[in-house]
Amino acid sequence: MANGQWFPQDWPERIRALADGTLTPVVPKRAATVMLLKDTAAGPVVHMLRRRASMAFAGGAYAYPGGGVDPRDDDHQIRWAGPTRAWWAERLGVDEAQAQAIVCAAVRETYEEAGVLLAGPAPDSVVGDTTGEDWEADRQALVARDVSFAGFLERRGLVLRSDLLGAWTRWITPEFEPRRYDTWFFVAALPEGQRTRNASTEADRTVWIGPAEAAESYDKGELLMMPPTIATLRQLTPYGTAGEALEAAPARDLTPVLARARLDGDEIVLSWPGHDEFTKHIPTGGAPA
């Protein structure tokens, strides 16, 4: 491939099946992912992880901490700081219970996969170092789903800091994929006193990297990424600090991006609206171009 765009080998076959009506799209699951930023002398860098090559979905691709919503996180209200649930519901285009669950998923997944927790004992504070044995035991319990995130926050007496998140964009996995997610992307700044680590069993490497540097490595074919990842990296490049990116988030368009596939003569045209760089022309009997 000319660049690092992730493209599964079974997509052409699945796209043809969708077009002829023999493939029924699965319902996408709600998910959230977080572009965690920190400032350096050279500008902001973003925390990325490389998915293990053995992973069934996007193995070997670079991504951000993230994952599916745990339904238990909208079963009761939790201590909450920042914009109200009603504000988040309007911003995310869902009801208040779903808004809480999506924001919880963003904060929980960042803690589970990067060891960073966007919560504090009061509405204007954030926890410090979370690398102790007791914190690690709680993190592993969350990963194992032995405890809900709402229950974890309640037991710890913590307030979820929704004001530390900015909703950035929303992508939905193409209809022909067997594993589909309706994913909200957020931005956040690394809290003072906390540090990231590779806490995910799904990743074999983590890096802090400048968005422009990561995009250049993708363009050279050195870093494998899915379209939403490289698209958001390019969108982050204009900002000189993490704070600038967060300030820009409320004005971002959250209209979902969903790939489209159509038959055009003897080829399939696969495109992502608003993102022409990802367009693929797939001969009916060959590889994409």
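In what follows, the structure referred to is the one given above.
Computed from a predicted model, the values in this text were never measured in an experiment.

Participant: What's the story with the packing of aromatic side chains in this structure? I'm lost.
Facilitator: Any aromatic ring pair is given by two values, namely how distant the centres are and how the planes are angled relative to each other. Enumeration over the complete set of coordinates arrives at ten aromatic pairs. Both rings, one in Tyr-64 and one in Phe-185, keep their centres 6.4 Å apart while their planes meet at 90°; by these two values the pair is edge-to-face. Within this pair, whereas Tyr-64 is found in the loop between β3 (62–63) and β4 (66–68), its partner Phe-185 is found in strand β9 (residues 181–189), the two being separated by 121 residues in sequence. Here the two residues Tyr-64 and Phe-185 agree in accessibility, since each one is buried. Seen from their ring centres, Trp-168 and Tyr-239 are 5.8 Å apart, and the 80° between their planes marks the pair as edge-to-face. Taken as a pair, Trp-168 in strand β8 (residues 166–172) and Tyr-239 in the loop between α7 (227–236) and α8 (242–248) lie far apart in primary sequence, 71 residues in all. Its relative accessible area of 0% is what places Trp-168 among the buried residues. Since its relative accessible area comes to 23%, Tyr-239 is described here as partly exposed. Each residue in the set Tyr-111, Trp-135, Phe-149 and Phe-152 is aromatic and connected to the rest through ring pairs, giving one cluster.

Participant: Explanation requested: the sheet that holds strand β13 (residues 267–272) in the structure shown.
Facilitator: In sheet architecture, strand pairing relies on hydrogen bonds along the backbone and comes in two forms, parallel and antiparallel. Spatially, three strands are ordered β12-β13-β14 in an open sheet, and the strand pairing comes out antiparallel. One side of each edge strand has no neighbouring strand; the edge strands of this open sheet are β12 (260–264) and β14 (275–283). Going from strand to strand, the sheet's axes swing by 20° on average, the running direction of each strand aside. The sheet contact formed by β13 and β14 spans five bridges and is antiparallel. Following the sheet pairing, Trp-272 is matched in β14 by His-275. Sitting on the sheet, helix α1 (residues 11–19) touches β12, β13 and β14, and the angle it makes with β13 is about 95°. Across the sheet, α7 lies against β13 and β14, angled at about 155° from β14, the strand it touches most.

Participant: Would you explain the pairing of strand β1 (residues 29–40) in this entry?
Facilitator: In regular strands, side chains alternate between the two faces of the sheet. Where β1 lies against β9, nine bridges are found, and the strand directions are parallel. From the neighbouring strand, Thr-33 faces β9, where its bridge partner is Phe-185. One ladder, built from three bridges, connects β1 with β4; its direction is antiparallel. Each bridged residue has a counterpart across the sheet, and for Ala-31 the counterpart in β4 is Gly-68. Where β1 lies against strand β2 (residues 43–51), four bridges are found, and the strand directions are antiparallel. When the sheet's bridge partners are listed, Thr-40 is paired in β2 with Gly-43. Between β1 and β2, which pair antiparallel in sequence order, lie two residues.

What counts, and where the lines are drawn
Each chain has its residues counted from 1, running along the sequence as written. It should be noted that, the model being predicted, local features are given only for residues of pLDDT at least 70 and side-chain atom pairs only at 80 or more, the latter also being counted only at that level, while totals for whole chains, interfaces and linings use all residues. Only hydrogens and water are removed before side-chain values are computed, so all heavy atoms of the structure are retained for them. Ring pairs are drawn from Phe, Tyr and Trp, using the six-membered ring of Trp, whenever the two centres fall within 6.5 Å, and their geometry is named by plane angle: stacked under 30 degrees, edge-to-face over 60, tilted for the rest. Per the convention used, a helix needs a DSSP run of H or I reaching at least four residues, while a strand needs a run of E reaching at least two, with both numbered from the N terminus. Exposed residues in this analysis have more than 50% of their type's maximum accessible area, buried residues have under 20%, and partly exposed residues fall in between, with area computed by a 1.4 Å probe over protein chains only. In short, DSSP must find at least two bridges between two strands for them to pair. Orientation is described by lines fitted to C-alpha atoms, with helices fitted over the stretch in contact, and by angles between N-to-C directions that extend from 0 to 180 degrees. Any two residues having at least one pair of non-hydrogen atoms within 4.5 Å are treated as being in contact.

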